[in-house]
Amino acid sequence: MIDYHFDWTVITRNAGFLADALLLGLGLAVASLAIGCLIGLLAAYARLSRWRLLSGAVWIYVELIRCIPLLLLIFFLYFGLPELGVRFLDKFETFVAALSIYAGAYMCEVFRAGLESIPRQYVEASKAIGLRPWQRQRYVVLPVMFRITLPSISNNLISLFKDTSLAAAIAVPELTFAARQINANTFRVMEAWLTASALYLLTAYAIAIALRQVERRYAAIR
Amino acid sequence: MTDPILLQARGVTKSFGGVNVLKGIDLDVLQGQVVSLIGASGSGKTTFLRCVNLLEEHDGGEILLDGEPIGYRDQGGRRVRLSEARVSAQRARIGMVFQQFNLFPHLTASGNVTLGLTKVLGKSKAEAQEIAEHWLDRVGLSAHSARHPYELSGGQQQRVAIARAVAMQPRLLLFDEVTSALDPELVAEVLTVMRSLAESGMTMLLVSHEMLFVREVSDHVLFLEQGRVAVEGPPSQVFDQPENERLRSFLGRFHGLFGASSA
Ligand SMILES: Nc1ncnc2c1ncn2[C@@H]1O[C@H](COP(=O)(O)OP(=O)(O)OP(=O)(O)O)[C@@H](O)[C@H]1O
Ligand SMILES: [Mg+2]
């Protein structure tokens, strides 16, 4: 028989610690998604540009990042960059940088497909009323693309939130790190991991539900 | 005294991948006139309209709006393409209504109308809103101004599209088969709006297969055939005494609506 006696007081005693860790993870995910979207958007336009060199460079970035494990990217930035003389990032910033670069590659593909799927008629209508090229992007193409790609953006946020657990590898005190910490200090293995898992699950689910609402709100297309 | 020429096309040519689609179109639209293009599918009607508002670049000849060449400027005898900003400014003076409505899907009816007013003409939000309400009312949709395109019927969407185009106070309005994508019972409401625009003195160039409507509202009709103007004249002449054999057979397809049709 398994002889493990649950003692959940270790969780209640550490509730504040765990909550902070959860919020930190969320913050890291949101920040990385925001920066990643920006990178992805610029990369998508670059990818579609007539400039072969630019679009080729972005293609290499996307393919490279998609083939490299995220943990390796984190280690490279955290341990590798200081060797190259880049020392101004702390571990939080390093992690956000890694996750943003990673998210950027995936968002690039999402946005590229989104931009390519915008029906030509909308662009022609925006030309016909006299909008200038950047205005056509700003007021017609991007808003429509945003609505088309919203489900993918949501999925990416959930996936990035789960990926924040990798920050534990460089001692960023997010949820996974916190759970391991509680383990180490109290030897309450099951309580810590079960709680962490439940928190990941609930949060991911909550994000999904919240974003479903946003999607519904913006489902003004078709 | 005659009205000034608003749009003047001279020898306009256009080819797609070596296929000559327009083979030298000449056409004048006087201020306040309604001019219509008719012709078989593939004769180049849409292509010509798209050249007028620069959705396509014509290859040869010239198109003048108020005497100013569209899309190009003359530099020592050479044609130089205008900058995108200049092209956009020229397009703002020409409105276009499309067969498929092409409303911006993320904006409400009134948002569709105000976008150009605020971003192109630089009007304030309040003023743009007022203009939008005026035109949505004119096309009979004041009750629907807060609706998105997907909440509107085809006929309503097309009327919003007309409001969007005419609110910009263009010099010229282009209509490309704007009732072809509509269910038959919705055609009349759109034609009514177009008729009232024509009566208010709007200069219009239209492509249509609604022959009775074309005959009723047009001052001048051109029959296009394989990229050329085969017949042109006032509607009474084009529709009632067509001398051209192919025009007769073309008109004959419209249920023998017109007296002189042969078959
Ligand atoms: N972008 C394009 N690329 C290649 N060919 C084109 C393009 N646009 C039009 N064409 C060709 O040009 C010809 C004229 O087309 P256009 O659409 O102007 O005809 P239309 O008179 O408007 O016909 P319809 O009554 O069917 O609308 C057609 O043979 C068409 O296939
Ligand atoms: Mg056509």
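Nothing here was measured: the structure is a model prediction, and the numbers come from that model. (Residues numbered from 1 in each chain as written. Chains lettered and ligands numbered in written order. Predicted model: local features only at pLDDT ≥ 70, side-chain atom pairs only at ≥ 80, totals over all residues. Heavy atoms only, no water.)

Here we take up the overall build of chain B. Helix and strand content of chain B: 9 helices and 12 strands. Since a compact globule built from 263 residues should have a radius of gyration of about 18 Å, the 19 Å found for chain B is in line with a globular shape. For the C-alpha atoms alone, the extent of chain B along its principal axes is close to 55 × 55 × 45 Å. Considering only residue pairs separated by 6 or more positions, chain B has 64% of its internal contacts joining residues 24 or more positions apart. Summing over all exposed atoms, chain B offers an accessible surface of approximately 11,200 Å²; the carbon and sulfur share of this is 47%. Across chain B, the mean location of the 26 positive side-chain charges is 6 Å away from that of the 30 negative side-chain charges. (Helix = DSSP H or I, 4+ residues; strand = E, 2+ residues; numbered from the N terminus. Rg over C-alpha atoms; globule rule 2.2 N^0.38 Å. Contact = heavy atoms within 4.5 Å. Areas by Shrake-Rupley, 256 points an atom, 1.4 Å probe, with all protein chains shown as cover. Lys, Arg positive; Asp, Glu negative; His and termini not counted. Charge placed at Lys NZ, Arg CZ, Asp CG, Glu CD.)

Our next topic: the interface of chain B and chain A. Of the residues lining the interface, 24 residues belong to chain B; the matching set on chain A comes to 23 residues. Taking both partners together, chain B and chain A bury about 2,100 Å²; carbon and sulfur atoms supply 65% of that area. At the boundary of chain B with chain A, the tally comes to 2 salt bridges. A salt bridge links B:Arg50 to A:Glu124; the shortest N-O distance between them is 2.7 Å. Scanning the region where chain B abuts chain A turns up 5 residue pairs in polar contact (both at pLDDT 80 or more). Of all elements in the fold, only α2 (84-92), β8 (94-97) and α3 (109-119) of chain B reach the threshold of two or more residues within the side of chain B that touches chain A. The element that contributes the greatest number of residues to the side of chain B that touches chain A is α2(B), accounting for 5 residues. Residue composition of the side of chain B that touches chain A, by class: 13 nonpolar, 6 polar and 5 charged. (Buried area = accessible area lost by both parts, 1.4 Å probe. Salt bridge = Lys/Arg side-chain N within 4 Å of Asp/Glu carboxyl O. Polar contact = N/O pair within 3.5 Å; in protein donor to acceptor, adjacent residues only side chain to side chain. Nonpolar A, V, L, I, M, F, W, Y, C, P; charged D, E, K, R; others polar.)

Next up on the list: unusual backbone geometry. Residue and element names in this part refer to chain B. For Phe101, which is not glycine, the phi dihedral falls at a positive 70°. Under the relative-accessibility criterion, Phe101 is labelled buried at 10%. Despite not being glycine, Glu177 has its phi angle at roughly 45°, a positive value. With respect to the helices and strands, the residue Glu177 is situated in the loop between β9 (172-176) and α6 (184-199). Since its relative accessible area comes to 13%, Glu177 is described here as buried. (Buried < 20%, exposed > 50% of the residue type's maximum accessible area, 1.4 Å probe, protein only.)

Purely geometric stuff here, so don't read any function into it on its own.
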